[in-house]
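Chain by chain, the residues:
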Amino acid sequence: MTGTTSREPRPASDSALVLPRYLREPADRRTPVAYAGYKSTGVRAPLRTPVDLPHRLTEVTGPVLGEDMVTAADADLTLRQGGEAQGQRIIVYGRVLDSDGRPVPHALVEIWQANAAGRYRHVVDNWPAPLDPHFDGLGRVVTDDLGRYEFTTIKPGAYPWGNHHNAWRPAHIHFSLFGQAFTQRLVTQMYFPDDPLFGQDPIFNSMPTTARHRAVSRFDLERSQPNWALAFQWDIVLRGREQTPFETDDDGDVA
Ligand SMILES: [Fe+2]
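Residues numbered from 1 in each chain as written. Predicted model: local features only at pLDDT ≥ 70, side-chain atom pairs only at ≥ 80, totals over all residues. Heavy atoms only, no water.

> Just checking my understanding: could you explain the overall build of the protein chain for this structure?
Within the protein chain, the secondary structure is distributed over 3 helices and 15 strands. Put simply, the protein chain has 255 residues, and 42% of those count as buried. Counting only contacts in the protein chain whose residues sit at least 6 apart along the sequence, the fraction spanning at least 24 positions is 72%. Put simply, the protein chain shows about 14,600 Å² of open surface, and 55% of that area lies on carbon and sulfur atoms. (Helix = DSSP H or I, 4+ residues; strand = E, 2+ residues; numbered from the N terminus. Buried < 20%, exposed > 50% of the residue type's maximum accessible area, 1.4 Å probe, protein only. Contact = heavy atoms within 4.5 Å. Areas by Shrake-Rupley, 256 points an atom, 1.4 Å probe, with all protein chains shown as cover.)

> I would appreciate a short explanation of the nonpolar core in the present structure.
In summary, soluble globular proteins display a tendency toward joint burial of nonpolar side chains. Grouped together as the largest cluster of nonpolar side chains are 25 residues, with contacts concentrated most on Val109, Tyr149, Phe151 and Phe175. At the level of secondary structure, the elements contributing two or more residues to this core comprise strand S4 (89–97), strand S5 (108–112), strand S7 (148–154) and strand S10 (172–178). Those residues in contact with valine 109 that lie beyond four places of it in its chain are Val96, Gly139, Arg140, Val141, Thr143, Tyr149, Phe151, Phe175, Ser176 and Leu177. Membership of the second largest hydrophobic core comes to 8 residues, among which are Phe198, Ile203, Phe204 and Met207. (Core = buried A, V, L, I, M, F, W, Y, C linked by side-chain atoms within 4.5 Å.)

> Even after reading the chapter, I still don't get the pattern of salt bridges, so can you show me in this structure?
Side chains that differ in charge, positive against negative, can pair when their charged atoms come close. Counted by the stated rule, this structure contains 8 salt bridges. Note that arginine 223 and glutamate 150 form a salt bridge whose closest N and O atoms lie 2.5 Å from each other. On the criterion of sequence distance, the pair formed by arginine 223 in the loop between strand S12 (218–219) and strand S13 (230–233) and glutamate 150 in strand S7 is long-range, its members being 73 residues apart. Glutamate 150 sits in the partly exposed class, given a relative accessible area of 32%. Here arginine 169 ties to aspartate 201 by a salt bridge, and the two come within 2.8 Å at their closest N and O atoms. Linking arginine 169 in strand S9 (residues 167–169) with aspartate 201 in the loop between strand S11 (185–191) and helix H3 (202–205), this pair joins segments that are 32 residues apart in sequence. (Salt bridge = Lys/Arg side-chain N within 4 Å of Asp/Glu carboxyl O.)

> Looking at this structure, how should I read the environment of alanine 181?
Relative to the helices and strands, alanine 181 is located in the loop between S10 and S11. For the pair alanine 181 and leucine 57, spaced 124 residues apart in sequence, the C-alpha to C-alpha distance is 9.6 Å.

> Please explain the coordination of the iron ion as it appears in this structure.
Each pair of donors in an ideal four-coordinate tetrahedral metal site encloses 109.5 degrees, whereas pairs in an ideal six-coordinate octahedral site enclose 90 or 180 degrees. Protein coordination at the iron ion comes from Tyr120 (OH), Tyr159 (OH), His172 (NE2) and His174 (NE2), with a distance range of 1.9 to 2.3 Å. Classification of the site at the iron ion as irregular follows from its 4 donor atoms and the range of 90 to 159° in their angles at the metal. Spacing between the donor residues of the iron ion along their common chain follows Y-x38-Y-x12-H-x1-H. Of this pair, tyrosine 159 sits in strand S8 (residues 159–161) while histidine 174 sits in strand S10; the two residues are 15 residues apart in sequence, bridging distant segments of the chain. (Donors = N, O, S within 2.8 Å, 3.2 Å for Na, K, Ca; no water. Tetrahedral: all angles 85-135°; square planar, octahedral: opposite > 155°, others 65-115°.)

> Just to check I follow, could you spell out the side chain of arginine 119 for this structure?
Take arginine 119: it is sitting in the loop between S5 and strand S6 (138–142). The side chain of arginine 119 sits in the buried core without any salt bridge; aspartate 125 is the nearest counter-charge, 4.5 Å away. Engagement of the side chain of arginine 119 in a polar contact is seen with the backbone oxygen of aspartate 125, the distance being 3.2 Å. When neighbours within four sequence positions are excluded, arginine 119 is seen to be in contact with Ala114, Asp125, Asn126, Trp127, Ala129, Pro130 and Leu131. (Lys, Arg positive; Asp, Glu negative; His and termini not counted. Polar contact = N/O pair within 3.5 Å; in protein donor to acceptor, adjacent residues only side chain to side chain.)

> Quick question: what am I supposed to make of the environment of leucine 77 here?
Assignment of secondary structure puts leucine 77 in the loop between helix H2 (57–60) and strand S2 (79–80). Considered as a pair, leucine 77 and isoleucine 111 are 34 residues apart in the sequence and their alpha carbons are 9.9 Å apart. In this structure leucine 77 touches Ala85, Ile111, Gln113, His134, Phe135, Gly137, Leu138, Gly139, Phe151, Thr152 and Thr153, once residues within four positions along its chain are discounted.

> Just checking my understanding: could you explain the pairing of S5 for this structure?
On a regular strand, one side chain projects to one face of the sheet and the next to the other, so that they alternate. Sheet analysis places S5 next to S6, joined by 5 bridges and oriented antiparallel. Paired with glutamate 110 across the strands is arginine 140, a residue of S6. Direction of pairing for S5 relative to S10: antiparallel, over a ladder of 5 bridges. Directly across from leucine 108, in S10, lies its bridge partner phenylalanine 178. (Pairing = 2+ DSSP bridges.)

> Mind showing me how you'd approach the environment of serine 176 here?
By secondary structure assignment, the location of serine 176 is in strand S10. With 68 residues separating them along the chain, serine 176 and leucine 108 place their C-alpha atoms 8.0 Å apart. Setting aside anything within four residues of it in sequence, one finds serine 176 in contact with Leu108, Val109, Glu110, Trp112, Arg185, Leu186 and Val187.

Structure, rendered in structure tokens:
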């Protein structure tokens, strides 16, 4: 989504179809797939250097969601199964931007999270915290023309996990974003400011030091609603789109 060169588009071979291409994150800026303190990455991270796949039609096109697939109710996680969820009601809002700061409209934003007690409604989550019959922890919304999204939800609780002795995940909300192409998918986590659990969390600390603040939302008193909900603002920046469809030999692309 970022124009970074001035080269003219070139039709794909044997057709008039012009395929966009997307910038590849430099290897030294990618989130590491293996991190010493994050135990399970030791058994699931690839042992060999990943191979960049060429951008073909499958990679540069994306899901067609349809206008009616996402409803307004999908953005309010506090009203499910005919009742109100327990916990601190919050508004989480922000914009989806490309790397030039331009809004990304019509992007699918999906979230999942633990309930106020820190428990997921999931078959493998059975630590002794209560489930909430009126909270399933799932939400989705499509960004508007200005790239904006907004959810009403419950502030998730911290939860224990087995990474190390007395390990607890800081409160967080999982995000998945789809831009206009399958290669524009981003899966990440949003955190809350000044969480005392940051220091012992290897997932948070696996991010480069200079990038961690971008995963932490900002408390917004102005946007908070009196007698109703606190607000947290979090903008998400997707990588840019390179308009140039030229193929080069330097990165092995054969679009
Ligand atoms: Fe989680």
